[in-house]
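# Coordinate inspection notes
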Amino acid sequence: MANSPQIAILGAGIFVRTQYIPRLAEISNLFVLKAVWSRSEESAQGAVEIARKHFPGVECKWGDEGLDEIIHDHSILAVAVVLAGQTQVDMSLKLLKAGKHVLQEKPAAASISELEIALSSYKSLCANSPGQPIWAVAENYRFEPAFVECRKLLAEIGDMMTVQVIVEGSMNSSNPYFSSSWRRNFTGGFILDMGVHFIAGLRMLVGCEVISVSAMTSHMDKTLPPPDNISSVFHLENGCSGVFVMVVSSRSPKIFWRVVGLKGTLQIERGSHDGKHGYLVSVCGTDGQSRSSFYPFSGVTEELKTFIHDISQANLKKGSSYEVEPRISFMEGARDVAILDAMLESGTKAGALVQVKKF
């Protein structure tokens, strides 16, 4: 463990407690968790109590003083930023300026303008430094084995004719994130916060970019922030088109991605098998025969493992540039946001065609 990178977590909310700490515990041989920070002492203590079961030496930090200690602690190589969507970019840039590698939770930013400012700041920060700090965005869908496998299977179904992404979510009062105040005050509400996952899955699956969209949005469930429904037609750079339909809260949740090709179809559907949650991948070929495989969720662990590998390698190659795994780059997260931003903009313009901002 002597040469293992030391990391800190900023944030002590639901996702840190239920996902980050347990998933990091699965790969605890790869790094040292030095500290967990939150704005309040009470919140930080709550998360540290959970973390100490796996990381006995973890320190509890809170408030401005605790944040300064993390920023100026040269033994901390990287920081996971798991905060409210409105504050993540500013916090990430502050840490990057201090020379820390950053894994920021999705979404990459709240809007196109914030993305442009963020990327410009990061670019100027790295201009004179060959060994620039890594800015990664946590998007576990790009690391889910189901999507990785489907990307390989796509060739079997021939040229793409159409793509469908149907999301009937379950964001109701029984969901722990339902009352999350920052998501309710977020531009685009749950559509943007949740939607980046489904767009990441789409882009991972088709392997090309969305260039333009036309969308209609509505606000039906008044317990949710607007909009809570979106129906969009999107156009891919390969000439194919598709539909993206998202309902934030449905009585019977269903989520799937489906690609129809000249030689067959490929589908990924969210579900469970033998008590495990994950994705059922089905391929139907020219012979009409269908075969299926189930892949349990493991994307969060895989993305964390990748980030730790990247920061370790970057640290070994100090002073020279290190090629980061593309799936984890901030740019990929920016492209997910750009598509949803275009859809939401089209929704305010009665379905007018909107070009997706290129990043």
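Everything that follows concerns the structure shown earlier in this document.
Below or above, wherever it landed, is the structure these notes cover. Not measured: the values here are computed from a predicted model.

## Some remarks on the overall build of the protein
In terms of regular secondary structure, the protein is built from 10 helices and 15 strands. Here the protein has a C-alpha radius of gyration of 21 Å; the compact-globule value for 359 residues is 21 Å, and the two agree. By its C-alpha atoms, the protein is 60 × 45 × 40 Å across when sized along the principal axes. The burial tally for the protein puts 53% of its 359 residues in the buried class. Taking as baseline every contact in the protein between residues at least 6 positions apart, the subset at least 24 positions apart corresponds to 69%. Accessible surface computed for the protein: about 16000 Å², of which carbon and sulfur atoms make up 51%. Taken as two groups, the 34 positive and 37 negative side-chain charges of the protein have centres that lie 1 Å from each other.

## Observations regarding the pairing of strand β10 (residues 241-247)
Going residue by residue along β10, you find G242, F244 and M246 tucked away on one face and S241, V243, V245 and V247 left uncovered on the opposite face. Here strand β7 (residues 160-170) runs beside β10; their pairing, made up of 7 bridges, is parallel. Bridge pairing in β10 places V165 opposite F244. Note: strand β9 (residues 229-236) against β10, 7 bridges, orientation antiparallel. Residue pairing across strands places V233 opposite V243, the latter belonging to β10. Where β9 hands over to β10, the hairpin turn is made up of 4 residues, of which G239 adopts a positive phi near 95°.

Cut-offs applied
Residues numbered from 1 in each chain as written. Predicted model: local features only at pLDDT ≥ 70, side-chain atom pairs only at ≥ 80, totals over all residues. Heavy atoms only, no water. Helix = DSSP H or I, 4+ residues; strand = E, 2+ residues; numbered from the N terminus. Rg over C-alpha atoms; globule rule 2.2 N^0.38 Å. Buried < 20%, exposed > 50% of the residue type's maximum accessible area, 1.4 Å probe, protein only. Contact = heavy atoms within 4.5 Å. Areas by Shrake-Rupley, 256 points an atom, 1.4 Å probe, with all protein chains shown as cover. Lys, Arg positive; Asp, Glu negative; His and termini not counted. Charge placed at Lys NZ, Arg CZ, Asp CG, Glu CD. Pairing = 2+ DSSP bridges.

Don't take any of this as a statement about function, it's just geometry.
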